[in-house]
Amino acid sequence: QKEVEQDPGPLSVPEGAIVSLNCTYSNSAFQYFMWYRQYSRKGPELLMYTYSSGNKEDGRFTAQVDKSSKYISLFIRDSQPSDSATYLCAMRNTGGFKTIFGAGTRLFVKA
Amino acid sequence: EAQVTQNPRYLITVTGKKLTVTCSQNMNHEYMSWYRQDPGLGLRQIYYSMNVEVTDKGDVPEGYKVSRKEKRNFPLILESPSPNQTSLYFCASSFEAGEPPYFGPGTRLTVT
């Protein structure tokens with residue numbers, strides 16, 4: 001069983017839709033959670049970085065962590081064609097220095 | 001501009017021919033690492049370095065070597081490449097080990 005599970009998609013939505021991307025994990029020691037966006041032929045870029053449970057909002061993006069369910073989400077409001085990319089979740093535990101990545105969900109936003 | 005650079009960006013080679021992929025960062029980061037990305041498997045760490053002359057194995061180190069003689073550079077060496085090392089490789093760095101990694105643009109390697 002992988003430490004981090006992420007549905008590979010693809011997920012296709014119309015422009016303006018609210019997108020929900022999710023990951024589940026098995027290691028209860030994970031405390032730091034990240035979302036990366038990766039465009040085709042590019043390196044992953046950090047979108048959101050959160051600690052422990054709760055919500056964090058940045059513009060159209062909201063990251064949510066539910067540690068009791070070992071479940072994290074990324075919501076994208078008013079999705080745009082430029083949001084079309086692969087989204088990777090990532091996490092690590094306190095004091096750890098290795099970041100564990102999900103396999104990524106491919107998102108298509110249609111104009 | 002703060003960045004991680006990798007060279008070459010694309011490489012096609014043959015089995016057994018030694019190659020080096022260079023990585024350099026201009027952010028004075030302590031921590032550097034190499035990942036490979038394969039469909040369905042995500043990003044897997046090959047090697048990491050906590051500082052100059054300090055390196056250690058990640059999850060998939062077999063067939064790879066690294067060195068960290070200078071803070072800014074962290075080359076990945078494939079002494080005898082094999083077709084199962086065909087992959088997309090990313091170098092990443094962060095100010096310290098606990099910070100989110102900052103990725104380079106990637107190197108697509110094909111070994112025939």
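For the structure, see preceding data.
Residues numbered from 1 in each chain as written. Chains lettered and ligands numbered in written order. Predicted model: local features only at pLDDT ≥ 70, side-chain atom pairs only at ≥ 80, totals over all residues. Heavy atoms only, no water.

Residue and element names in this part refer to chain A. Its place among the elements puts Asp7 in the loop between β1 (4-5) and β2 (11-14). Judged by its relative accessible area of 55%, Asp7 is exposed. Once residues within four sequence positions are removed from consideration, Asp7 is found in contact with Gly104 and Thr105. Of note is the side chain of Asp7, whose polar atom sits 2.9 Å from the backbone nitrogen of Gly9. (Helix = DSSP H or I, 4+ residues; strand = E, 2+ residues; numbered from the N terminus. Buried < 20%, exposed > 50% of the residue type's maximum accessible area, 1.4 Å probe, protein only. Contact = heavy atoms within 4.5 Å. Polar contact = N/O pair within 3.5 Å; in protein donor to acceptor, adjacent residues only side chain to side chain.)

Our focus in this paragraph is the interface of chain B and chain A. Contacts between the two partners involve 22 residues from chain B and, on the opposite side, 19 residues from chain A. Roughly 1,500 Å² is buried in total at the junction of chain B and chain A, and carbon and sulfur atoms are behind 55% of that figure. When the buried area of chain B at its contact with chain A is split by residue, Leu43(B), Pro100(B) and Phe103(B) rank highest and sum to 28% of it. Joining chain B to chain A, the criterion identifies zero salt bridges. At the junction of chain B and chain A, the tally comes to three residue pairs in polar contact (both at pLDDT 80 or more). Contributing elements (two or more residues each) for the side of chain B that touches chain A: β4 (31-38) and β5 (42-51) of chain B. If one sorts the elements of the side of chain B that touches chain A by residue count, β5(B) sits on top with five residues. Considering only residue class, the side of chain B that touches chain A consists of 13 nonpolar, six polar and three charged. (Buried area = accessible area lost by both parts, 1.4 Å probe. Salt bridge = Lys/Arg side-chain N within 4 Å of Asp/Glu carboxyl O. Nonpolar A, V, L, I, M, F, W, Y, C, P; charged D, E, K, R; others polar.)

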